[in-house]
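# Chains, contacts and geometry: an overview
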Amino acid sequence: MKQPVRVVVTGAAGQISYSLLFRIAAGEMLGPDQPVILQMLEITPALGALQGVAMELDDCAFPLLHSMVITDDPNVAYKDADYALLVGARPRGPGMERKDLLEANAAIFSVQGKAINDHASRDIKVLVVGNPANTNALIAQRNAPDINPRQFTAMTRLDHNRALTQLAQKTGSSINDITKMTIWGNHSSTQYPDISKALISGEAAEPKIEQDWYRNEFIPVVQQRGAAIIKARGASSAASAANAAIFHVRDWALGTAEGDWASMGVYSDGSYGIAEGLIYSFPCVCKNGDWEIVQGLDISDFSREKMQATETELAEERDAVSHLLP
Ligand SMILES: NC(=O)c1ccc[n+]([C@@H]2O[C@H](COP(=O)([O-])OP(=O)(O)OC[C@H]3O[C@@H](n4cnc5c(N)ncnc54)[C@H](O)[C@@H]3O)[C@@H](O)[C@H]2O)c1
Ligand SMILES: O=C(O)C[C@H](O)C(=O)O
């Protein structure tokens, strides 16, 4: 058995974490031979509820769950952390855009960034789930100047999975046959779900669907799926968000499938003309615990316009939180 690794989950008593923690402890994120120490962070009033979650984790007798830390102090939570899933933040309600949460949530992520900088492993892998995820990831990254910016990522895997299912259902194919789906940009209603590179059983997907469906149904359905879930459930997505977080970190740590890629919000190096330093979702291949943006894809005029619209929104969000960006 390997040495245990330390995994921070923030907002650990919230609804996403209630799906997430048990799957991490079961080995679904880091593999069946990787013991974990769960370092769970909550705000003080939620510590009682978090104790209850910890009791349930105990009662599962997971072979891979080495131990747990429960705390309301970020300086304790991030001590020597190898992985961090930053879920703790307010969710949006009906009629709100995710960026409406910036004011309520942004300050949380500067605190997290500083604590990561001061206490975490220098090799920590960070996934931001709390919304607006890309800009929160940017805030955390900029507040952790001693950590490589590549180690801060934001979650667009839920959008990627949503896009896979929409395409599979439309074409009567299996999820397992679809590769090379891409989400570009922000985890918001400006995101660009792009099927122009997607393959179904190794053949181009685009000729199998109508442009009208692609442009006027597929794209808006994926962009608006979070809002549709909120309307239907009266609460934002939770189990599917936890599942996407598991897939994101699993692929980053253990590698993307051969011949495929994953959509990840990562530090832009200027690829595809996207402003350097934004946390922007690109198609990424992961290997040996590292990610690379897939290079050399042809970008049509239609795609370019969509990629720029979501980039513009991210730049606006960045400018709105400039006071939190050292
Ligand atoms: N990126 C995505 O695809 C995606 C998907 C779904 C939800 N989300 C976002 O994830 C976040 C969490 O959603 P949820 O449904 O679990 O919400 P929730 O309200 O059920 O849980 C959030 C938890 O975070 C805790 N919290 C608040 N401030 C904190 C802090 N400073 N430190 C530690 N914990 C803190 C709260 O006490 C609460 O228990 C929301 O912002 C939501 O919009 C993102
Ligand atoms: O839409 C939301 O606010 C929650 C989450 O980001 C989602 O995409 O389901």
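Okay, so let's go over this structure. (Residues numbered from 1 in each chain as written. Chains lettered and ligands numbered in written order. Predicted model: local features only at pLDDT ≥ 70, side-chain atom pairs only at ≥ 80, totals over all residues. Heavy atoms only, no water.)

### Description of the pairing of strand S1 (residues 5–10)
- Within S1, five of the six residues are buried, which leaves it mostly tucked inside the rest of the structure.
- Note: S1 against strand S2 (residues 36–41), six bridges, orientation parallel. Note that in S2 the partner of Thr-10 across the bridge is Leu-41.
- This β-α-β element, S1 to helix H1 (residues 15–25) to S2, shows right-handed connectivity.
- Here S1 pairs with strand S4 (residues 83–86) via four bridges, running parallel. (Buried < 20%, exposed > 50% of the residue type's maximum accessible area, 1.4 Å probe, protein only. Helix = DSSP H or I, 4+ residues; strand = E, 2+ residues; numbered from the N terminus. Pairing = 2+ DSSP bridges. Right-handed = clockwise from strand over helix to strand, strands pointing away.)

### As for the site of ligand 1
- What surrounds ligand 1 is a group of 24 residues, the closest being Gln-15, Glu-42, Arg-90, Val-129 and Asn-131.
- A distance of 3.2 Å separates a nitrogen atom of ligand 1 from a polar atom in the backbone of Val-129.
- In isolation ligand 1 offers 860 Å² of accessible surface; the protein chains occlude 86% of this area.
- Considered class by class, the residues forming the shell around ligand 1 number 13 nonpolar, nine polar and two charged. (Near = heavy atom within 4 Å. Polar contact = N/O pair within 3.5 Å; in protein donor to acceptor, adjacent residues only side chain to side chain. Areas by Shrake-Rupley, 256 points an atom, 1.4 Å probe, with all protein chains shown as cover. Nonpolar A, V, L, I, M, F, W, Y, C, P; charged D, E, K, R; others polar.)

### Considering the site of ligand 2
- The full set of residues close to ligand 2 is Arg-92, Arg-98, Asn-131, Leu-158, Arg-162, His-187, Gly-226, Ile-230, Ser-236 and Ser-237.
- Side-chain polar atom of Arg-98 to an oxygen atom of ligand 2: 2.8 Å apart, as the coordinates give it.
- In the environment of ligand 2, an oxygen atom lies 2.7 Å from a nitrogen or oxygen atom belonging to the side chain of Ser-237.
- Protein contacts shield 94% of the accessible area of ligand 2, which totals 260 Å² for the unbound molecule.

### So, the environment of Val-221
- Here Val-221 shows up in helix H7 (residues 211–223).
- Given the relative accessible area of 34%, Val-221 is considered partly exposed.
- Distance in space between the C-alpha atoms of Val-221 and Ser-189 is 9.7 Å, their sequence separation being 32 residues.

### Details of the state of the cysteines
- This structure, assessed with the given rule, holds zero disulfides.
- Of the cysteine sulfurs around Cys-284, a residue in no disulfide, the closest is that of Cys-286, at 6.3 Å.
- A relative accessible area of 3% places Cys-286 in the buried class. (Disulfide = S-S within 2.5 Å.)

### Comments concerning the pattern of salt bridges
- Across all of its chains, the model carries ten salt bridges by this definition.
- Linking Glu-28 and Arg-23 is a salt bridge whose minimum nitrogen-to-oxygen distance equals 2.8 Å.
- The exposure class of Arg-23 is partly exposed, given its relative accessible area of 22%.
- The closest approach of N and O atoms between Asp-251 and Arg-157, which form a salt bridge, is 2.9 Å. On the criterion of sequence distance, the pair formed by Asp-251 in helix H9 (residues 239–254) and Arg-157 in helix H6 (residues 157–171) is long-range, its members being 94 residues apart. Each of the two residues, Asp-251 as well as Arg-157, counts as buried. (Salt bridge = Lys/Arg side-chain N within 4 Å of Asp/Glu carboxyl O.)

### Section: the environment of Ser-17
- Along the chain, Ser-17 turns up in helix H1.
- Judged by its relative accessible area of 0%, Ser-17 is buried.
- Through-space distance from the C-alpha of Ser-17 to that of Met-1 is 26 Å; in sequence the pair is 16 residues apart.
- Excluding anything up to four places from it in sequence, Ser-17 contacts Val-9, Thr-10, Gly-11, Ala-12 and Val-87.
- Of the polar contacts made by the side chain of Ser-17, one reaches the backbone oxygen of Gly-11; its length is 2.9 Å. (Contact = heavy atoms within 4.5 Å.)

### Focus: the packing of H1 against helix H2 (residues 47–60)
- Running from N to C, H1 and H2 point in directions that differ by 30°, and their axes come no closer than 11 Å. On the basis of their axis angle, the class for H1 and H2 is roughly parallel. Of the two elements, H1 crosses H2, and the hand of that crossing is right-handed. In contact with Tyr-18, Leu-21, Phe-22 and Ala-25 of H1, H2 contributes Val-53, Glu-56, Leu-57 and Cys-60.
- In terms of residue class, the contact of H1 with H2 is built from seven nonpolar, no polar and one charged. (Axes fitted to C-alpha atoms, helices over the stretch in contact; angles between N-to-C directions. Parallel < 35°, antiparallel > 145°, perpendicular 65-115°, else oblique. Left-handed = near helix turned anticlockwise from the far one by under 90°.)

### A few points about the packing of H6 against H7
- Where H6 meets H7, the axes come as close as 9 Å, and the angle between the chain directions of the two elements is 140°. In terms of axis orientation, H6 runs oblique to H7. For the pair H6 and H7, the sense of crossing is right-handed. Residue-level inspection shows Asp-159, Ala-163, Gln-166, Leu-167 and Lys-170 of H6 in contact with H7, the latter providing Trp-213, Phe-218, Val-221 and Val-222.

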